[in-house]
Amino acid sequence: MQIEETPLKDCFLIKPRIFEDHRGIFLETYQRRRFAELSGIDEDFVQDNQSVSRYGVLRGMHYQKGEFAQTKIVRVLYGKVLDVVVDLRPDSPTFKQVHSVILDDENLNQLYVPKGFGHGFLTLSEKSVFAYKCDQYYTPGSEAGIIFNDPDLNIDWNFPEREMILSEKDRKLPTFKETFE
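So, a few notes on the structure that sits alongside this text. All values derive from a computational prediction rather than experimental measurement.

### Examining the overall build of the chain
Next up, step 1: Scanning the chain from N- to C-terminus turns up three helices and 13 strands.
Next up, step 2: The globule rule puts the C-alpha radius of gyration for 181 residues at 16 Å, and the 16 Å found for the chain is close to it.
Next up, step 3: Based on the C-alpha atoms only, the size of the chain along its principal axes is roughly 50 × 35 × 30 Å.
Next up, step 4: In the chain, which comprises 181 residues, the proportion classed as buried is 47%.
Next up, step 5: For the chain, contacts bridging at least 24 residues in sequence account for 78% of all contacts bridging at least 6.
Next up, step 6: About 9,900 Å² of surface is accessible on the chain, with carbon and sulfur atoms providing 46% of the total.
Next up, step 7: Charge separation in the chain, taken as the distance between the mean sites of 23 positive and 30 negative side-chain charges, equals 3 Å.

In structure tokens form, the structure reads like this:
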């Protein structure tokens, strides 16, 4: 596995080593000791989640707050998504900065999303199967988010907004200013 820094502090792109032969491919998606050696971060992941979405579905921008804030490693098992993170840690040098990356079932890359980051993704294929590991259990009372089209964050989804499919809950998320100012 290779770990590359992103422009956002403490957020990493994880590139697995893929072994391919006449039968197909094999890869190690996570190995705690190796990840700790390469990143300097030793996480204890306690929950794995998975979602299935169709073309144009946008899920985000979500995060857990307070003592239940979650670190995640996200990846795509099937399909293709635009994965977007925003640093929401007021004391961070990259506070309020956004980073996006394509995750798909061809590159098999993963993204390490630290506590204090907002996260969302947009399905760019007919269907996507999205999986993520979390270091905290999901706690409904600490769930939070910021609207996907927030003018201060200015996220470039590179996709027509009128074609996006969002939950009613995601359409009603507050703006960055309503949350942080």
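### Considerations on the sheet that holds strand β7 (residues 72-78)
In a beta sheet, neighbouring strands are held together by backbone hydrogen bonds and run either parallel or antiparallel to one another.
Next up, step 1: Taken in spatial order, the six strands make up an open sheet running β1-β2-β10-β7-β12-β5, and their pairing is antiparallel. This sheet does not close on itself; its edge strands, each paired only once, are β1 (2-5) and β5 (47-54). Going from strand to strand, the sheet's axes swing by 25 degrees on average, the running direction of each strand aside.
Next up, step 2: Where β7 and strand β12 (residues 127-134) come together, six bridges link them in antiparallel fashion. Bridge pairing in β12 links Lys 72 to Cys 134.

### Some details on the sheet that holds strand β11 (residues 117-123)
Next up, step 1: If you trace the five strands from one edge of the open sheet to the other, you get β9-β8-β11-β6-β13, paired in antiparallel fashion. A single partner strand is all that each edge strand has here, and the edge strands are β9 (98-104) and β13 (143-145). Pairwise comparison of adjacent strand axes, ignoring direction, gives a mean angle of 30 degrees for this sheet.
Next up, step 2: One ladder, built from seven bridges, connects strand β8 (residues 80-87) with β11; its direction is antiparallel. Note that in β11 the partner of Val 81 across the bridge is Thr 123.

### A few points about the nonpolar core
Next up, step 1: One finds Leu 58, Leu 122, Phe 148, Trp 157 and Met 164 to be the most contacted residues of the largest nonpolar core, which totals 20 residues.
Next up, step 2: Contributions of two or more residues to this core are made by β6 (58-64) and β8.
Next up, step 3: Ignoring sequence-local partners within four residues, the contact set of Met 164 consists of Gly 56, Leu 58, Leu 122, Phe 148, Trp 157, Phe 159 and Arg 171.
Next up, step 4: Grouped together as the second largest cluster of nonpolar side chains are 14 residues, Leu 8, Cys 11, Val 85 and Phe 121 included.

### So, the packing of aromatic side chains
Two aromatic rings are characterised by how far apart their centres lie and by the angle between their planes.
Next up, step 1: With the rule as written, the count across this model stands at 10 aromatic pairs.
Next up, step 2: Grouping aromatic residues by their ring pairs yields a cluster made of Phe 12, Tyr 30, Phe 35, Phe 45 and Tyr 112.

### Some details on unusual backbone geometry
Next up, step 1: Along the chain, Gly 60 connects to Met 61 via a cis peptide bond; the corresponding omega equals 0 degrees.
Next up, step 2: Looking at where Met 61 falls in the secondary structure, it is placed in strand β6.
Next up, step 3: Despite not being glycine, Leu 108 has its phi angle at roughly 55 degrees, a positive value.
Next up, step 4: The backbone of Asn 154 shows a phi angle near 50 degrees, a positive value even though the residue is not glycine.
Next up, step 5: Here Asn 154 lies in the loop between β13 and α2 (168-171).
Next up, step 6: By relative accessible area, Asn 154 is classed as exposed at 62%.

Rules and cut-offs
Residues numbered from 1 in each chain as written. Predicted model: local features only at pLDDT ≥ 70, side-chain atom pairs only at ≥ 80, totals over all residues. Heavy atoms only, no water. Helix = DSSP H or I, 4+ residues; strand = E, 2+ residues; numbered from the N terminus. Rg over C-alpha atoms; globule rule 2.2 N^0.38 Å. Buried < 20%, exposed > 50% of the residue type's maximum accessible area, 1.4 Å probe, protein only. Contact = heavy atoms within 4.5 Å. Areas by Shrake-Rupley, 256 points an atom, 1.4 Å probe, with all protein chains shown as cover. Lys, Arg positive; Asp, Glu negative; His and termini not counted. Charge placed at Lys NZ, Arg CZ, Asp CG, Glu CD. Pairing = 2+ DSSP bridges. Axes fitted to C-alpha atoms, helices over the stretch in contact; angles between N-to-C directions. Core = buried A, V, L, I, M, F, W, Y, C linked by side-chain atoms within 4.5 Å. Phe/Tyr/Trp six-rings, centres within 6.5 Å; stacked < 30°, edge-to-face > 60°.

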